[in-house]
Amino acid sequence: MKQMSDNKPVFIQIKEWIEQHILRGEWSKGHQLPSVRELSAEFGVNPNTIARTYERLTMEQTIYSVRGVGYFVSDQAKELIETRRREEFRKETIPQFIADMNLLGIELEEFIKHYNETEKR
Amino acid sequence: MIKLNNLQAGYRVKSPVLKDVNLTLQEDRIYGLLGSNGSGKTTLLNTLAGALEPLGGKIEVLGYTPLERKAKFLEQIAYIQDELELPSMSAEQFVESYAAFRPKFSNGDMNHYLKMMNFTFGIRLDKLSLGNCKKFAIAFALASHPRIVLMDEPTNGLDIESKQALRKILAGQDLSERLIIISSHQVADIEDIISDVIILRENRIVLNSSLGAIGEALQFGDIQNIEEPLYVNGLKAIGKAEGDYSDVDLESFYLAMQNSENMRNYLSKVISKK
Amino acid sequence: MTTQHILDLIKLHFRLNWKRITVALALFIGFLFMCYARESYLSWHEDVRIEQIINSLRESCFAVMIIIGFIYTIYSSFRGYDNKRMVATTLLVPASTESKYIAEWICTFMILPLTMIALWLVAETISLWFNEGMTSFSIPLSEDVYKYDGFLSFWAIAHSIAFFVRSAGRKWYILLSVAAGLAILRLPLHYSYPFQNIMSDSHVYMNGSHFVSRYPVSIFSEQMSCVVSVFFTLTLPIAMYVLGYLRLKVREL
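Residues numbered from 1 in each chain as written. Chains lettered and ligands numbered in written order. Predicted model: local features only at pLDDT ≥ 70, side-chain atom pairs only at ≥ 80, totals over all residues.

**Section: the overall build of chain C**
Each helix and strand counted, chain C has six helices and two strands in total. In chain C, the succession of α and β elements from N to C terminus is α-α-α-α-α-β-β-α. The buried share of chain C, taken over its 253 residues, is 30%. When contacts within chain C are restricted to residue pairs at least 6 apart in sequence, those whose partners lie at least 24 apart make up 81%. (Helix = DSSP H or I, 4+ residues; strand = E, 2+ residues; numbered from the N terminus. Buried ≥ 20, exposed ≤ 12 C-beta atoms within 10 Å, placed from the backbone. Contact = placed C-beta atoms within 7 Å.)

See below:
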């Protein structure tokens with residue numbers, strides 16, 4: 001879905017959109033990403049923003065660029081993203097979740113029960 | 001491509017709407033012209049287009065003096081007004097009559113843009129709603145492939161889908177040797193699509209800078225030392241996102257620039273150093 | 001300034017104003033019809049009377065033509081040029097100011113009056129054909145020079161008034177031009193009107209043994225008066241148009 005929400009900066013949203021495609025296996029190793037212009041036209045966003053996102057992803061080694069050709073998904077992309085997201089999950093999501101649980105007075109047993117029920121489905 | 005030197009613009013010499021404007025605008029950029037209503041956005045665009053005589057100073061657009069309205073100059077510039085009236089004829093007749101003066105006009109492109117923006121075909125132009133009027137004017141102007149596109153509040157009267165369609169159309173433009181200036185008082189409508197921002201305040205230009213430079217200025221500078229709460233808003237999306245990468249919340253930044261002198265002073269110092 | 005642009009601008013003018021043009025021509029044709037389609041022609045048998053009637057008909061047609069042209073010019077000339085909302089479709093159309101001016105001039109000053117004169121000729125020809133009693137027939141407006149003068153000047157003044165009514169700023173500039181134009185117009189008519197036929201000129205009368213004129217007579221000789229007359233006839237409209245052109249060049253909202 002190419003709609004922008006207000007919460008995160010635009011380039012973060014686009015970065016996550018790209019990472020989603022990689023994580024889900026839709027874009028595998030060596031897959032060529034849309035050009036900067038194509039992506040900016042699809043999202044309705046200035047090409048500079050896309051370019052910055054691609055730069056950032058290149059820095060993180062998720063993608064690499066071939067001069068005159070374009071940007072491609074790197075071999076280790078999926079693993080890198082998963083590693084980083086796991087790290088983020090551990091360092092940020094879990095602590096926040098626990099804090100929320102404490103705030104709302106939800107006990108661990110209750111959470112485990114919900115977890116099992118969800119997993120069955 | 002555009003150079004303004006000490007420009008005074010307005011309708012009466014005794015009370016200019018814009019004073020001491022010094023601007024240099026370059027190609028391959030989309031400039032957002034931000035300012036409250038009545039701050040001079042329309043005046044500036046009218047003067048750039050050649051419809052309004054400057055009250056003083058120098059103005060040069062693509063090497064021409066706009067007021068002379070030479071045919072070669074007018075051919076390279078398209079102006080989409082905020083309040084506009086279309087003549088009493090059909091869309092086809094309009095294209096027949098007016099595209100004759102625009103050698104680079106492409107009917108295919110115009111229809112493509114109109115379809116993207118969900119234009120209502122088949123109605124006589126003077127009977128169109130405001131939104132449809134704007135869509136037509138925008139589509140015709142962009143399909144003429146001029147080097148300079150001036151848009152005064154183009155999102156006024158457009159619904160959300162059409163605004164998004166317009167952003168996509170603008171994002172997809174090839175801007176080599178071209179530039180676009182979009183004025184708006186709705187920052188959210190244009191913040192994703194612009195690359196640079198020009199802020200008007202109290203009859204003057206207080207900032208002309210790329211978004212990247214603003215982001216750097218806010219993130220790496222001495223801004224933390226300034227106490228006023230308004231600055232904090234400008235930093236809203238900065239820093240905490242992904243380590244050292246930052247993004248400016250343009251609406252908050254714009255408010256901070258309007259309301260805080262310290263912010264303005266800080267920005268003008270940092271930006272001018274570059 | 002290119003011919004193609006001028007042609008396109010003329011086409012545009014007619015596309016924008018066709019309703020008004022149709023009304024103007026319809027009014028004129030209606031008037032011509034009223035004038036010429038009279039059965040009483042058949043009862044005339046005196047050449048002199050017919051001449052007088054034809055002349056007075058022509059005067060009226062001429063007057064009506066001027067009035068229609070005048071009103072049309074004021075309503076249509078440079079239509080939309082000072083309308084703030086139509087700037088992109090009028091003032092900023094990519095053609096040089098010269099082209100725009102020439103196109104407007106051709107539309108209001110040549111095409112419309114020539115069409116009206118052509119219609120007039122047709123009307124006269126048709127009634128001539130039906131009424132053999134009318135033996136005297138000449139092209140309308142071929143006689144008095146001052147009629148051309150008035151004809152051109154009225155329309156030139158109409159253009160200037162169109163500017164005046166439409167201009168957003170510096171109205172005094174146009175008001176001055178119109179006043180100057182009117183003053184210039186009166187001058188040659190009074191002061192250089194050559195009276196060639198003393199017997200028929202109504203403002204000349206006998207006072208004792210010499211001729212006296214009710215109006216101030218020209219300080220020039222008769223031939224010179226003719227020259228002056230023609231000069232003003234030609235330059236007055238040109239002057240008005242030059243002033244109007246300069247006005248359009250610095251047109252502002």
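**Side note on the overall build of chain A**
Counting secondary structure elements, chain A contains five helices and two strands. Each helix and strand of chain A, placed in order from N terminus to C terminus, yields the pattern α-α-α-β-β-α-α. Taken against the 2.2 N^0.38 rule, which gives 14 Å for 121 residues, the C-alpha radius of gyration of chain A at 18 Å runs more than 25% over that of a compact globule. Expressed along its principal axes, the backbone C-alpha trace of chain A runs to roughly 55 × 30 × 25 Å. Taking all contacts inside chain A whose residues are at least 6 apart in sequence as the whole, residues at least 24 apart take part in 51%. (Rg over C-alpha atoms; globule rule 2.2 N^0.38 Å.)

**Description of the nonpolar core**
Counting 125 residues, the largest nonpolar core has B:Tyr79, B:Ala139, B:Leu150, B:Ile180, B:Ile181 and C:Leu92 as its most contacted members. Taken together, domain 1 (2-202) and domain 2 (210-274) of chain B each give at least three residues to this core, which thus spans both. For B:Ile180, the residues in contact, after removing those within four places along its chain, are B:Ile30, B:Tyr31, B:Val149, B:Met151 and B:Leu170. (Core = buried A, V, L, I, M, F, W, Y, C linked by C-beta atoms within 7 Å. Domains from an automatic or database assignment.)

**A short note on the packing of helix α1 (residues 10-23) of chain A against helix α3 (residues 47-59) of chain A**
Residue and element names in this part refer to chain A. Packing of α1 against α3 leaves a shortest axis separation of 9 Å and a crossing angle of 55°. Compared by their axis directions, α1 and α3 come out oblique. At the point where α1 passes α3, the crossing takes the right-handed sense. Of the residues in α3, those touching α1 at Val10, Phe11, Ile14, Lys15 and Ile18 are Thr49, Ile50, Arg52, Thr53, Arg56 and Leu57. A per-class count over the contact of α1 with α3 returns six nonpolar, two polar and three charged. (Axes fitted to C-alpha atoms, helices over the stretch in contact; angles between N-to-C directions. Parallel < 35°, antiparallel > 145°, perpendicular 65-115°, else oblique. Left-handed = near helix turned anticlockwise from the far one by under 90°. Nonpolar A, V, L, I, M, F, W, Y, C, P; charged D, E, K, R; others polar.)

**Description of the pairing of strand β2 (residues 70-73) of chain A**
Residue and element names in this part refer to chain A. Two strands pair when backbone bridges link them, and strand β1 (residues 63-66) and β2 are joined in this way by four bridges, in the antiparallel orientation. Bridged to Ser65 within β2 is Tyr71. The hairpin turn running from β1 into β2, its antiparallel successor, is three residues long, and Gly68 in that turn takes a positive phi close to 85°. (Pairing = 2+ DSSP bridges.)

**Focus on the interface of chain B and chain C**
With 25 residues of chain B at the interface, the matching set in chain C holds 22 residues. Contributions of two or more residues to the side of chain B that touches chain C are made by α1 (41-49), α2 (71-75) and α3 (91-98) of chain B. In terms of residue class, the side of chain B that touches chain C is built from 13 nonpolar, five polar and seven charged.

**A look at the sheet that holds strand β8 (residues 196-201) of chain B**
Residue and element names in this part refer to chain B. Taken in spatial order, the six strands make up an open sheet running β5-β6-β7-β3-β8-β9, and their pairing is mixed. Looking at the sheet topology across the chains shown, the edges are occupied by β5 (77-80) and β9 (204-210). Taking each pair of neighbouring strands and ignoring which way they run, the sheet shows an average axis angle of 15°. Of the strand pairs in this sheet, strand β6 (residues 148-152) and strand β7 (residues 179-184) are connected by five bridges, and their pairing is parallel. Its bridge partner lying in β7, Asp152 is registered against Ser183. Against the sheet, helix α5 (residues 130-143) touches β5 and β6, its axis set at about 175° to β5.

**Topic: α1(B)**
Note: α-helices contain 3.6 residues per turn, so residues at a spacing of three or four share the same orientation. Residue and element names in this part refer to chain B. Most of α1 is tucked away, with nine of its nine residues classed as buried. All of the buried residues along α1 are Lys41, Thr42, Thr43, Leu44, Leu45, Asn46, Thr47, Leu48 and Ala49. The positive-phi residue at the C-terminal boundary of α1 is Gly50, with phi of around 95°.

**Here's the deal with α1(A)**
Residue and element names in this part refer to chain A. Between the first and last C-alpha of α1 there are 20 Å, a value that for 14 residues agrees with the 20 Å anticipated at 1.5 Å per step. Every buried residue belonging to α1 is among Val10, Phe11, Ile14, Lys15, Ile18, Glu19 and Ile22, and all of these are buried. Residues of α1 that are buried make contact with α2 (36-43), α3, β2 and α4 (77-104). Among the residues trailing α1, Gly25 stands out with phi positive, at a value near 85°. (Expected span 1.5 Å × (residues − 1).)

**Concerning the interface of chain B and chain A**
Facing the 15 residues of chain B at the interface are 15 residues of chain A. Broken down by element, the side of chain B that touches chain A gets its largest block of residues, four residues, from helix α6 (residues 160-171) of chain B. Its residues assigned to classes, the side of chain B that touches chain A shows seven nonpolar, three polar and five charged.

**Concerning the environment of B:Asn156**
Structurally, B:Asn156 can be placed in the loop between β6 and α6. The sequence separation of B:Asn156 and B:Met263 amounts to 107 residues, and the corresponding C-alpha distance is 29 Å.

**Section: the confidence of the model for chain A**
Per-residue pLDDT for chain A has a mean of 88; in total, 94% of the residues score no lower than 70. The secondary structure element of chain A with the lowest average pLDDT is helix α5 (residues 108-120) of chain A, at 89, and the one with the highest is β2(A), at 93. (pLDDT = per-residue confidence, 0-100.)

**Overview of the sheet that holds strand β2 (residues 18-25) of chain B**
All names here are of chain B. The three strands are arranged β2-β1-β4 in an open sheet whose pairing can be described as antiparallel. Each edge of the sheet is formed by a strand with only one pairing partner; in this case those strands are β2 and β4 (56-61). Strand-to-strand twist of the sheet, defined as the mean angle between neighbouring strand axes without regard to direction, takes the value 15°. Summarising the sheet, strand β1 (residues 2-9) and β4 pair through five bridges and their orientation is antiparallel. Note that in β4 the partner of Ile2 across the bridge is Val61. Across the sheet, α1 touches β1, β2 and β4, and the angle it forms with β1 is around 120°.

**What about the packing of α1(A) against α4(A)?**
Two measures define how a pair of helices packs: the angle their axes make with one another and the distance between the axes. All names here are of chain A. Where α1 contacts α4, the two axes come as close as 9 Å, and the packing angle between them is 115°. The handedness of the crossing between α1 and α4 is left-handed. Residues Glu19, Ile22 and Leu23 of α1 form the contact with α4, whose participating residues are Ala77, Lys78, Ile81 and Glu82. The class makeup of the residues in the contact of α1 with α4 is four nonpolar, no polar and three charged.

**Notes on the confidence of the model for chain C**
All names here are of chain C. For chain C, per-residue confidence averages 67 on the pLDDT scale, and 43% of positions sit at 70 or higher. Mean pLDDT values for the elements of chain C range from 53 in strand β2 (residues 210-213) up to 88 in helix α1 (residues 3-36). Scored below 50 in pLDDT, residues 138-146 shows ten contacts in the model against residues more than four places distant or in partner chains.

**Some words on the environment of B:Met257**
Residues and elements named next belong to chain B. Relative to the helices and strands, Met257 is located in helix α10 (residues 250-259). Along the primary structure Met257 and Leu207 are separated by 50 residues, whereas in three dimensions their C-alpha atoms are 8.8 Å apart. Here Met257 is in contact with Ile199, Val206, Leu207, Met263, Arg264 and Leu267, once residues within four sequence places are set aside.

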